Amino acid sequence: MSETFAVDPADDLVARSLTPHVALGRVCMVVNPLSGGVGPGAAEDARAILADYPLEAEVIELEAGGFDAAIAAALADRPDLLLILAGDGTAGTIAASVGPDGPLIATLPGGTMNMLPKALYGTTDWKKALRDTLERGEVREVSGGDVGGHTFFCAAILGSPALWAPAREAVRHGRWRLAWLHARRALRRAFGGKLRYGLDGGPMRRTEALVLITPLISSAMDVDGGLEAAAMSPSGAAEVFRLAAHALFDDWRHDPAVATRTVRRAALKARSRIPAVIDGEPTLLGHEAVAAFRPRAFRALAPRLDAEGARA
């Protein structure tokens, strides 16, 4: 269901100022009310916010089974800005399909983990992110990566520690028994096999896990430098437990068992299917996979953030 409306710029009692960094005339917003971070009523709330600005705006409410057609219709109208309020997987898929030559994209926080929205907007409040984008947004070139047919814009965790993701989410929601069950399963798998990887055509090495981090969230990477590759190499059970604790509660990238370097391509092999978490979404890859850096994935409209992720 969609509705198009416009605000008269001359109506000073209604119209709020738009960002001076880019011309916005027509915007389209797609809303998935079934997403965990959205809920019913979001489309009407979005229309109310957009009505405050001198824009021609359309809000499309996604319905089950009609996602592809709705997105195609939104892009066919060639909006200046495509706003996406949906789950992490849906938002990432749309951004990847639009690509660097499509309209500006704003992936508002409507999912569970909200990795990409939080990296771009520094908040999980989609209404705040929407207003900040419209009023202070700047064009940002977003790079990313591909692995095994999956696109990511923040990070890909590859190998047995990826199995800790369900436990981490259960802890986040206070479901301690479920967290313990997931943790036991992950620990059994952690000792079950190693991941072999080769970086930029180099020799194959063994590791517990390889994590590929994009410049969007890496403090050590330039926007077009490549991916930050972090190899986890615990020497025994004690190190596996420590890495597990870091995966649940802390930043494992600062662990002494983690070594990092910059790469543009990585080859992966394992005896069984490779567990992975792609931008917060758990999945299984094949026995072999290739990861590659995408220097220009899409163009985002987002306010400039400071080093702590707050609005600058």
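Residues numbered from 1 in each chain as written. Predicted model: local features only at pLDDT ≥ 70, side-chain atom pairs only at ≥ 80, totals over all residues. Heavy atoms only, no water.

K.L.:
How do you make sense of helix α5 (residues 126-136) when you look at a structure like this?
P.N.:
Every buried residue belonging to α5 is among Trp-126, Ala-129, Leu-130, Asp-132, Thr-133, Leu-134 and Glu-135, and all of these are buried. As for α5, its buried residues are in contact with β2 (26-31), α1 (42-50), β4 (81-86), β5 (104-109), α4 (115-121) and β17 (288-302). With a side-chain oxygen lying 3.1 Å from the backbone nitrogen of Lys-127, the N-terminal cap of α5 falls on Asp-125. (Buried < 20%, exposed > 50% of the residue type's maximum accessible area, 1.4 Å probe, protein only. Helix = DSSP H or I, 4+ residues; strand = E, 2+ residues; numbered from the N terminus. Contact = heavy atoms within 4.5 Å. Polar contact = N/O pair within 3.5 Å; in protein donor to acceptor, adjacent residues only side chain to side chain.)

K.L.:
For this particular structure, what's the right way to read the pattern of salt bridges?
P.N.:
Once their charged atoms are close, side chains differing in charge can pair, the charge on each being opposite to the other. Scanning the entire structure with this criterion turns up 14 salt bridges. A salt bridge links Arg-16 to Glu-135, with the nearest nitrogen and oxygen atoms 2.7 Å apart. Here the residue Arg-16 occupies a position in the loop between β1 (2-6) and β2, and Glu-135 occupies one in helix α5, the gap between them amounting to 119 residues. Between Lys-127 and Asp-45 there is a salt bridge; the shortest N-O distance is 3.4 Å. With Lys-127 in helix α5 and Asp-45 in helix α1, this residue pair connects regions lying 82 residues apart in the sequence. According to the relative accessible area criterion, Lys-127 is partly exposed, its value standing at 35%. According to the relative accessible area criterion, Asp-45 is partly exposed, its value standing at 32%. Several salt bridges converge on common partners, so that one network encompasses Arg-16, Lys-128, Asp-132, Glu-135 and Arg-136. (Salt bridge = Lys/Arg side-chain N within 4 Å of Asp/Glu carboxyl O.)

K.L.:
I'm lost on the nonpolar core in this one. Help?
P.N.:
Note on soluble globular proteins: their nonpolar side chains tend to be buried together. Within the largest apolar cluster, 53 residues are counted, with the highest numbers of intra-cluster contacts made by Met-29 and Leu-50. One finds Ala-156, Leu-158, Ile-278 and Ala-289 within the second-largest nonpolar core, a separate group that totals 22 residues. (Core = buried A, V, L, I, M, F, W, Y, C linked by side-chain atoms within 4.5 Å.)

K.L.:
I keep staring at unusual backbone geometry and nothing clicks. Help me out?
P.N.:
A positive phi angle, near 50°, is found at Arg-78, a position not held by glycine. Using a relative accessible area of 72% as the deciding quantity, one classes Arg-78 as exposed. Even without glycine at this site, Asp-200 takes up a positive phi of about 50°. You can see Asp-200 is positioned in the loop between β9 (195-199) and β10 (205-207). Take Asp-200: its relative accessible area is 40%, and that puts it in the partly exposed class.

K.L.:
What should I look at first to understand the packing of α1 against α5 in this one?
P.N.:
When two helices pack together, their arrangement is captured by the angle between the axes and the distance separating the axes. In contact at an axis separation of 11 Å, α1 and α5 are set at 30° when each is read in the N-to-C sense. Between α1 and α5, the angle falls in the class roughly parallel. In the packing of α1 onto α5, the handedness of the crossing is right-handed. Contact with α1, carried on its side by Ala-42, Asp-45, Ala-46, Ile-49 and Leu-50, involves Trp-126, Lys-127, Leu-130, Arg-131 and Leu-134 of α5 and no other residues of that element. Along the lines of polarity and charge, the residues of the contact of α1 with α5 split into seven nonpolar, no polar and three charged. (Axes fitted to C-alpha atoms, helices over the stretch in contact; angles between N-to-C directions. Parallel < 35°, antiparallel > 145°, perpendicular 65-115°, else oblique. Left-handed = near helix turned anticlockwise from the far one by under 90°. Nonpolar A, V, L, I, M, F, W, Y, C, P; charged D, E, K, R; others polar.)

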